[in-house]
Amino acid sequence: MSLFNNFLFIGLPYAALVVFLIGTIYMYRSAKFKFSSLSSEFLEAKSLFWGSVPFHWGIIFLFFGHLIGLLIPGAVLAWNSVPLRMVVIEVTAFAFGISAFIGLINLIIRRKTNRRIWTVTSKMDLLVEILLLVEIFLGLWIAYEFRWGSSWFAAVLSPYIVSIFTLNPDISAAANLHWVIQAHIALAFVILLLIPFSRLVHLLVYPLHYLWRPYQRVIWYWGRKKVRDSNGTWSVSKAKNN
Amino acid sequence: MDVRAQISMVFHLDKCIGCHTCSIACKNIWTDRKGAEYMWWNNVETKPGTGYPTKWEDQSVYKGGWKKNFTGEISLRGSGKYKGLLNIFHNPHLPVIDDYYEPWTYKYTDLIESPEGDDQPTARPISLITGEPIDIKAGPNWDDDLSGTPDYARNDPNLASLSPAERDAMFQLERMAFFYLPRICNHCLNPACVASCPSGAIYKRGEDGVVLINQKVCRAWRMCVTACPYKKSYYNWHTGKSEKCILCYPRLEAGLAPACMHSCVGRIRYLGILLYDADKIKDAASANDDELISKQMNLILDPFDPEVIKDAKSNGVADTTINAAQYSPVYKFVKSWGLALPLHPEFRTLPMLFYVPPLLPVMASVTEQSKEQTEKFDSIAKVWNDKWLYDTSTEELWQNVERARFPLKYMANLLTGGDENSIKSVLKKLMAVRIHRRRVTVGDVSNQKADKVLSDVNLSSEMADAIYYLTSLAKFDDRFVIPPAHREQAIEMLEYTGDTRGSAGFGFKEKPSRIS
Ligand code: SF4
Ligand code: SF4
């Protein structure tokens, strides 16, 4: 059992992290063309709305919820010290979970039933969607069955995940959890591992920098003025942005 | 003054015969690929008509272009920083493939592989997306030459501001008139596609103003498709990248005319350099509606002005480019003669493709009485008598333009943002050139009359001859004045095309397909 636990909570996470990091860098440098959200809205827009929108907002909320629990478990515990506040958090998170779950189901149904969408579906798309569906389902199950996760997650799991990142893995907490929770954790690392090789890469390139750049973009081959400057050298060659 | 150069174009609509050679030339080179079958970077539509994609001009549906806010600033209508990022999971204004048409082919093998039977085998249409048999509902140029039901022409968004009587008049069958509108990307000065791209994949080339999409940076956020009011940015559903007209930049860099222009049968197309003042772009794009055209014309600079030349040089514009600007046919049409107008200036992208409005539909038919029509009807050939239909008599000099059969309002909605006077002044000039040339070639117009016509529109007879020459007789090198790419820079261009500037249209290093 401990061998299996070691694999699940030490081997897999590190493998996933390494593959994710190296894979992302490698793909970004060698196959940048594949960094795309591969949107299929152009082929079918109506039912996409009922899938994509609830799924994405749901999953984004859940992602940041987990992240906060990981990064500042103390704050979460402090917040949860008032039961009402804890209930509010839990109910909200559960609602977003349901939203992501239903959205994803809609997306899968759309993918299977719409001929056009089916032709642009790859095996990887299906794998990723099914893994995500199972992951969200496990998450909802945990939230329902093992109540007040926001608290025990912060108390029990955060130290484990942090220990992974500090290269000093301590799996005692994780190893004693119920198998549903263990599956949820392991699956999360599998999904992480798949990110650089699937359409999920698009979440790494969410264009937040759009907010800061000027609207118009002009690119020059040459530093224009330098070309005309007889004192300068002609080694200026990098394209300059505006 | 920030002087920059822009490769710019003029399309002379009177000369377009609607043959679609341009579209085919473009398709063969650039869009004959999976996912791009439905794209026509160059398309020719019949006006009045709904166009491609259907009713593209109706921004209440497609939300393209810029709009002026009450503060006097302009903002993107359906995208932009906040709207764009919020709607990224589902863009409510994105046109879908059915707004264009579902591409198809025919199952030709059925013709030879069908078993013997009583009936002739047929090749059924199959979708190029799903590979399944489809019922063809629309295609490129479904309403070509006003074909199909009159509903196509009647749904033209430019008709919205016409009175019901004017509209009816336009569509009585015997009064039907139409013309062709070839369209490519306008390579705008204030491109909405560039501004809307969250990834920053779209950019304008500084040296020549060509607007390109870097295929490696595009992430399929699809905002440019919404933002371009001309619907000239297309989404490739197979590669998950947007694509658009690249103005055949590999050809331009080699000194060749773009394929659509080179192949144009009617020789309606002109291409050349314009120098413009980049400092004035913001002001011109946010001008009041009635000043949009004049301000856009204002930012185009005189390439002979020593001040302009000096500033251009200090800005790094090559001497050869300045020289090309001086010979630019586009400058002549747009600025010297004031004959060419931008398409839908009210979209505020400052399009750099200009159109000479067509005079023929305006001149068609002057008289109204049906009795007279019957008399002029050729009893055998059943065709309109030419002289009657296109009245070139000059009894009343401006009557054709004033009493145009084709409502000027319509043409104004298309080319001047609704201002009938500007369109009228262009049409009068075109008419004056005709009257002047009639004096020269036929000689049935008195000198006095012809001179009066010319002076009415502020043209000298030399100018009229020059217009005539460039319109009718111009050779290839007169129509296309392409500044040479500099050898030392050309090497740079090749070296960096793939790395820094993306490779739109230039081939792919990786297989252009979805991740599998
Ligand atoms: S016509 Fe459209 S695609 Fe072309 S530059 Fe203008 S906004 Fe961009
Ligand atoms: S090739 Fe020229 S004449 Fe023919 S449709 Fe195109 S623009 Fe018009």
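Check the entry above for the structure.
None of the values given here were measured: they were computed from a predicted structure.

## What to know about the overall build of chain B
For step 1, the next point in the chain: Across its full length, chain B carries 26 helices and 15 strands.
For step 2, the next point in the chain: By the burial criterion, 59% of the 516 residues in chain B qualify as buried.
For step 3, the next point in the chain: Total accessible area computed for chain B in this model is approximately 20900 Å², and 51% of it derives from carbon and sulfur atoms.

## Some details on the interface of chain A and chain B
For step 1, the next point in the chain: Between chain A and chain B, the residue contacts involve 55 residues of the former and 76 residues of the latter.
For step 2, the next point in the chain: Viewed at the interface, chain B and chain A are joined by 4 salt bridges.
For step 3, the next point in the chain: Residue E102 of chain B pairs with R116 of chain A through a salt bridge whose shortest N-O separation is 2.6 Å.
For step 4, the next point in the chain: The interface formed by chain A and chain B contains 33 residue pairs in polar contact (both at pLDDT 80 or more).
For step 5, the next point in the chain: Elements that contribute at least two residues to the side of chain A that touches chain B include exactly α1 (2-30), α2 (46-71), α5 (115-119), β1 (218-220) and α10 (224-228) of chain A.
For step 6, the next point in the chain: The dominant element in the side of chain A that touches chain B, judged by the number of residues it contributes, is α2 of chain A, at 7 residues.
For step 7, the next point in the chain: Residue composition of the side of chain A that touches chain B, by class: 29 nonpolar, 14 polar and 12 charged.
For step 8, the next point in the chain: Note that β1 of chain A and strand β8 (residues 202-205) of chain B share 2 bridges and pair parallel. Opposite I219 of chain A, over in β8 of chain B, you have R205 of chain B as the bridge partner.

## Details of the environment of T105 of chain B
Residues and elements named next belong to chain B.
For step 1, the next point in the chain: Here T105 shows up in strand β5 (residues 104-106).
For step 2, the next point in the chain: Linking T105 and A123, residues 18 residues apart in sequence, is a C-alpha distance of 9.3 Å.
For step 3, the next point in the chain: The residues contacting T105, other than those within four sequence positions of it, are R124, P125, I126 and L128.

## Details of the pairing of strand β15 (residues 353-356) of chain B
Residues and elements named next belong to chain B.
For step 1, the next point in the chain: Side chains of β15 alternate between two faces, with L353 and Y355 and F354 and V356 buried alike.
For step 2, the next point in the chain: Across 4 bridges, the pairing between strand β1 (residues 3-12) and β15 is parallel. Residue pairing in the sheet places F11 in a bridge with Y355 of β15.
For step 3, the next point in the chain: Examined bridge by bridge, strand β14 (residues 341-342) and β15 share 2 bridges and lie antiparallel to one another. Looking at the pairing, L341 lines up with Y355 of β15.

## Overview of the sheet that holds β15 of chain B
Residues and elements named next belong to chain B.
For step 1, the next point in the chain: Taken in spatial order, the 5 strands make up an open sheet running β13-β12-β1-β15-β14, and their pairing is mixed. Only two strands of the sheet have a single neighbouring strand rather than two, namely β13 (300-301) and β14.
For step 2, the next point in the chain: In terms of strand pairing, strand β12 (residues 269-277) meets β13 through 2 bridges, oriented antiparallel. Counterpart to L275 in the pairing with β13 is L301.
For step 3, the next point in the chain: Helix α16 (residues 329-336) rests against β1, β12, β13 and β15 of the sheet, and its axis sits at about 70° to β12.

## Observations regarding the state of the cysteines
All names here are of chain B.
For step 1, the next point in the chain: Under the criterion given, the structure shown has 0 disulfides over all chains.
For step 2, the next point in the chain: C224 supplies the cysteine sulfur nearest to C197, a cysteine that is in no disulfide, at a spacing of 6.4 Å.
For step 3, the next point in the chain: The class of C197 is buried, set by a relative accessible area of 9%.

## A closer look at unusual backbone geometry
Residues and elements named next belong to chain B.
For step 1, the next point in the chain: Omega for the peptide link from K47 to P48 comes to 0°, which places this bond in the cis form.
For step 2, the next point in the chain: Examined against the element boundaries, P48 turns out to sit in the loop between β2 (43-47) and α2 (59-62).
For step 3, the next point in the chain: Looking along the chain, the bond that leaves Y52 and enters P53 is cis, with omega of -5°.
For step 4, the next point in the chain: Looking at where P53 falls in the secondary structure, it is placed in the loop between β2 and α2.
For step 5, the next point in the chain: Within the chain, N458 stands out as a residue other than glycine whose phi angle is a positive 60°.
For step 6, the next point in the chain: Mapped onto the secondary structure, N458 falls in the loop between α23 (447-456) and α24 (461-473).
For step 7, the next point in the chain: With a relative accessible area of 67%, N458 lands in the exposed category.

## As for helix α4 (residues 83-113) of chain A
Because the α-helix completes a turn every 3.6 residues, residues three or four places apart line up on one side.
All names here are of chain A.
For step 1, the next point in the chain: The terminal C-alpha atoms of α4, which comprises 31 residues, lie 44 Å apart, in line with the 45 Å expected from a rise of 1.5 Å per residue.
For step 2, the next point in the chain: For α4, the complete set of buried residues consists of M86, E90, G97, A100, F101, G103, L104, L107, R110 and R111.
For step 3, the next point in the chain: Buried residues along α4 sit against α2, α3 (73-80), α5, α6 (123-145) and α7 (149-165).

## Concerning the site of ligand 1
For step 1, the next point in the chain: In the vicinity of ligand 1, the residues found are C185, N186, H187, C188, P191, A192, C193, V211, C228, Y230 and K244 of chain B.
For step 2, the next point in the chain: Taken together, the residues of the shell around ligand 1 sort by class into 8 nonpolar, 2 polar and 1 charged.

## Quick look at the nonpolar core
For step 1, the next point in the chain: One finds Y38 and F354 of chain B to be the most contacted residues of the largest nonpolar core, which totals 154 residues.
For step 2, the next point in the chain: Counting residues per element, this core draws most heavily on helix α22 (residues 420-441) of chain B, which supplies 8 residues.
For step 3, the next point in the chain: Listed in part, the 39 residues of the second largest apolar core include F9, A100, I171 and A174 of chain A.

Rules of the game
- Residues numbered from 1 in each chain as written.
- Chains lettered and ligands numbered in written order.
- Predicted model: local features only at pLDDT ≥ 70, side-chain atom pairs only at ≥ 80, totals over all residues.
- Heavy atoms only, no water.
- Helix = DSSP H or I, 4+ residues; strand = E, 2+ residues; numbered from the N terminus.
- Buried < 20%, exposed > 50% of the residue type's maximum accessible area, 1.4 Å probe, protein only.
- Areas by Shrake-Rupley, 256 points an atom, 1.4 Å probe, with all protein chains shown as cover.
- Contact = heavy atoms within 4.5 Å.
- Salt bridge = Lys/Arg side-chain N within 4 Å of Asp/Glu carboxyl O.
- Polar contact = N/O pair within 3.5 Å; in protein donor to acceptor, adjacent residues only side chain to side chain.
- Nonpolar A, V, L, I, M, F, W, Y, C, P; charged D, E, K, R; others polar.
- Pairing = 2+ DSSP bridges.
- Axes fitted to C-alpha atoms, helices over the stretch in contact; angles between N-to-C directions.
- Disulfide = S-S within 2.5 Å.
- Expected span 1.5 Å × (residues − 1).
- Near = heavy atom within 4 Å.
- Core = buried A, V, L, I, M, F, W, Y, C linked by side-chain atoms within 4.5 Å.

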